[in-house]
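Next come the chains, spelled out residue by residue.
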Amino acid sequence: MMPVKVIAIIGAGYCGTLTAVHILRQNPVNRVRVVLVEQHSRPGRGLAYRTWDDNFLLNVPAGNMSALADDPEHFVRFCQNIDPAFNAASFISRRLYGDYLELTLREEITRHRETVIETIHDEAIAIHHSGNDAYQIDLRNGASICAHQIVLALGHFPPLPPAPVTEFYKTPAYINNPWDSSALERILGNAPVALLGMGLTALDVLFRLTSSSDTRKIYLISRRGLCPQPHRFHPKAPVVVGFPHYLKNLPPTAKAYCRALRLEIERNAVRGGDWRDIINALRPHSPEIWRRFSVKERWKFLSHLVAYWDIHRHRLAPSAHLRLSDMLKSGQAEMIAGYVRNYKTHAGQVSVEISERHTGRIRCVDVRHVVNCTGPNFNLACITSPLIVQLRSEGYLRQDANRLGIEVNEHYQLIDCRGDAAKNLFYVGPMLKARFWEAIAVPELRIHIQALAKILK
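What comes next concerns the included structure. Because the structure is a prediction, the values reported are computed rather than measured. (Residues numbered from 1 in each chain as written. Predicted model: local features only at pLDDT ≥ 70, side-chain atom pairs only at ≥ 80, totals over all residues. Heavy atoms only, no water.)

1. Digging into the pattern of salt bridges
For clarity, the cut-off: The salt bridge definition used is simple: a Lys or Arg side-chain nitrogen within 4 Å of an Asp or Glu carboxyl oxygen. Helix and strand definitions follow DSSP, with helices as H or I runs of at least four residues and strands as E runs of at least two, each counted in order from the N terminus. We call a residue buried when its accessible area falls under 20% of the maximum for its residue type, exposed when it is over 50%, and partly exposed in between, using a 1.4 Å probe and counting protein chains only.
This structure, assessed with the given rule, holds 30 salt bridges. Across the pair Arg-25 and Asp-70 runs a salt bridge, and its minimum N-O distance is 3.0 Å. You can see Arg-25 sitting in helix H1 (residues 14-26) and its partner Asp-70 sitting in the loop between strand E2 (33-37) and helix H2 (74-82), a full 45 residues away along the chain. The class of Arg-25 is partly exposed, set by a relative accessible area of 30%. Exposure remark for Asp-70: the relative accessible area of 47% places this residue in the partly exposed category.

See the structure below:
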């Protein structure tokens, strides 16, 4: 017989772990049983925090990385218990942040011993209604779980192979998943490597592949040749302000908002200000701006402007930016703006044919491997995860018009193929971009997680 309520959370990375934490915090009485379903052995160790190398840093200062929205100093206190020199402006290693998430969950479990929480190390492959608004979750090992409420906290999916579609993508020289550590470790020696993309994922791979070599040549290739900007050495704490005055009464077009933002940054610079403060102040209002855009305007933004937004919004830790700058100056790393036209393989080598963006000149670089760092795949039709395939094919969830993620309502319930809210079936994670736009970083996700946990009470 099922307890009063069983809440199953599929995925125990950042979002799944924090959802469990908030359920425990908001249910002090023994009224729920929480089941965490996670393929990996340790909750809290999602893609970003599964590294044991302290050279990989968070891209947000510690003062804005608390897992608890109502306790902004929570993470800073954790850091200072390790080293008093850490402060709100410090950029902490991702390994330590994974430790922090694990500890936060353990502490809540200890505080709420009357609440049963169970972790199942397996893969959920299907979800079906089982009557009385409950669900059955089928696991890869053949077992099943019954739950009254289910939270999908699935995180990122590997990128799609970029154009042009080619047989080369079937060869061992091509690595499609940049987060596959075992595949990256098989890149031996000092042979050159090409990375497709210049965003934060590409820079992570760059640093990983050069962590034990100062001679391996790395080419970073992207259409626009844009690289993430750095944080300041002494970042300021975000200041919550009302809706920006310079954006009021604008026509709801991407062009109008972009022009107004650019003019405000210029005005602020004249006053001696920094563009980062303008971008930071805009973050809490991004969902409202996103709601104002039509599907067509969202496409315009995604097609023409998002690359410029991303390099200013998603920034590098200062030390990581210095490391990148040194590698570019020495020639160990090289950035190429252009389009990949073809790949040719011969005797274990790959010749990558690139049409340079500004000149149209064809350039070839010879490498041993090519790694796809173009960013996560949010197109549900192209995701091969058995669970997503089943939920999509049986109509439990629906893709948004801009292919940014999963459609949900204001209560984080999945929108099914008929346009109705799927009762007791929820989603939290980066695919909230479809509704909120700002939904892939800790400062925003922790607010969504806390709001969802209140609904699950």
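Text resumes after the structure shown.
2. Overview of the packing of aromatic side chains
Each aromatic ring pair is summarised here by two numbers: the centre-to-centre distance and the angle between the ring planes. What counts, and what does not: To pair, rings of Phe, Tyr and Trp, with the six-membered ring standing in for Trp, must have centres within 6.5 Å; the planes then decide the type, stacked if under 30 degrees apart, edge-to-face if over 60, and tilted in the middle.
Scanning the entire structure with this criterion turns up 17 aromatic pairs. Both rings, one in Phe-168 and one in Tyr-174, keep their centres 5.9 Å apart while their planes meet at 65°; by these two values the pair is edge-to-face. Owing to a relative accessible area of 4%, Phe-168 belongs among the buried residues under this scheme. Ring pairing ties together the aromatic residues Tyr-49, Phe-75, Phe-78, Tyr-97 and Tyr-100, which thus form one cluster.

3. Considering helix H10 (residues 318-330)
To keep things clear, this is the line we draw: To estimate how far a helix should extend, the number of its residues minus one is multiplied by 1.5 Å. Any two residues whose heavy atoms approach within 4.5 Å are treated as being in contact.
Spanning 13 residues, H10 covers 18 Å between terminal C-alpha atoms, matching the ideal 18 Å at 1.5 Å per step. Within H10, burial applies to Pro-318, Ala-320, Leu-324 and Met-327. Buried positions along H10 lie against helix H5 (200-209) and strand E11 (333-346). Phi for Gly-331, located one or two positions after H10, is positive at around 90°.

4. Describing the packing of helix H6 (residues 254-270) against helix H7 (residues 275-282)
The test is simple: In this analysis, axes come from line fits to C-alpha atoms, helices being fitted only over the stretch in contact, and the angle between any two N-to-C directions falls in the range 0 to 180 degrees. Each angle gets one of four labels, with under 35 degrees taken as roughly parallel, over 145 as roughly antiparallel, 65 to 115 as roughly perpendicular, and the rest as oblique. We call a crossing left-handed when the near helix sits turned anticlockwise from the far one by less than a right angle, and right-handed when that turn is clockwise. Note on residue classes: Ala, Val, Leu, Ile, Met, Phe, Trp, Tyr, Cys and Pro are nonpolar, Asp, Glu, Lys and Arg are charged, and everything else, Gly too, is polar.
Their axes nearest at 9 Å, the elements H6 and H7 cross at an angle of 135°. What the angle tells us is that H6 and H7 run oblique. The two elements H6 and H7 cross, and the hand of that crossing is right-handed. Every residue of H7 that contacts H6 at Leu-261, Glu-264, Ile-265 and Asn-268 is listed here: Trp-275, Ile-278, Ile-279 and Leu-282. Considered class by class, the residues forming the contact of H6 with H7 number six nonpolar, one polar and one charged.

5. Re the sheet that holds strand E6 (residues 144-147)
The line we're drawing: Two strands qualify as a pair provided that DSSP identifies no fewer than 2 bridges between them.
What the three strands build is an open sheet, ordered E4-E5-E6; its pairing is antiparallel. Because the sheet does not close on itself, it has two edges, and the strands there are strand E4 (124-131) and E6. Sheet twist, expressed as the mean angle between neighbouring strand axes with direction ignored, is 25°.

6. Points about the sheet that holds strand E14 (residues 369-372)
In a beta sheet, neighbouring strands are held together by backbone hydrogen bonds and run either parallel or antiparallel to one another. Ordered by their spatial adjacency, seven strands build an open sheet running E8-E14-E9-E10-E11-E12-E13, and the pairing between neighbours is mixed. The open sheet is flanked by strand E8 (174-175) and strand E13 (362-367), the only strands paired with a single partner. Of the pairings in the sheet, the one linking strand E9 (residues 193-196) to E14 comprises four bridges and is parallel in character. Counted as the bridge partner of Val-193 is His-369 from E14.

7. What about the nonpolar core?
For the record, the criterion: Side-chain atoms within 4.5 Å are what join buried Ala, Val, Leu, Ile, Met, Phe, Trp, Tyr and Cys residues into a set we call a nonpolar core.
Counting residues in each nonpolar core, the largest one holds 75 residues, and the members touching the most others are Tyr-14, Phe-75, Tyr-97, Ile-127 and Ile-150. With seven residues, the top contributor of residues to this core is H1. Excluding residues within four positions of it along the chain, Tyr-97 makes contact with Tyr-14, Tyr-49, Leu-58, Met-65, Ser-66, Ala-67, Phe-75 and Val-442. Of all hydrophobic cores here, the second largest spans 27 residues; its members include Ile-175, Leu-184, Ala-202 and Val-371.

8. Considerations on the environment of Met-198
Note on placement: Met-198 falls in the loop between E9 and H5. Note on Met-198: relative accessible area 3%, which makes it buried. Each residue touching Met-198, except ones within four places of it in the same chain, is listed here: Leu-203, Leu-220, Ile-221, Ser-222, Gly-225, Leu-226, Cys-227, Pro-228, Met-335, Ile-336 and Ala-337.

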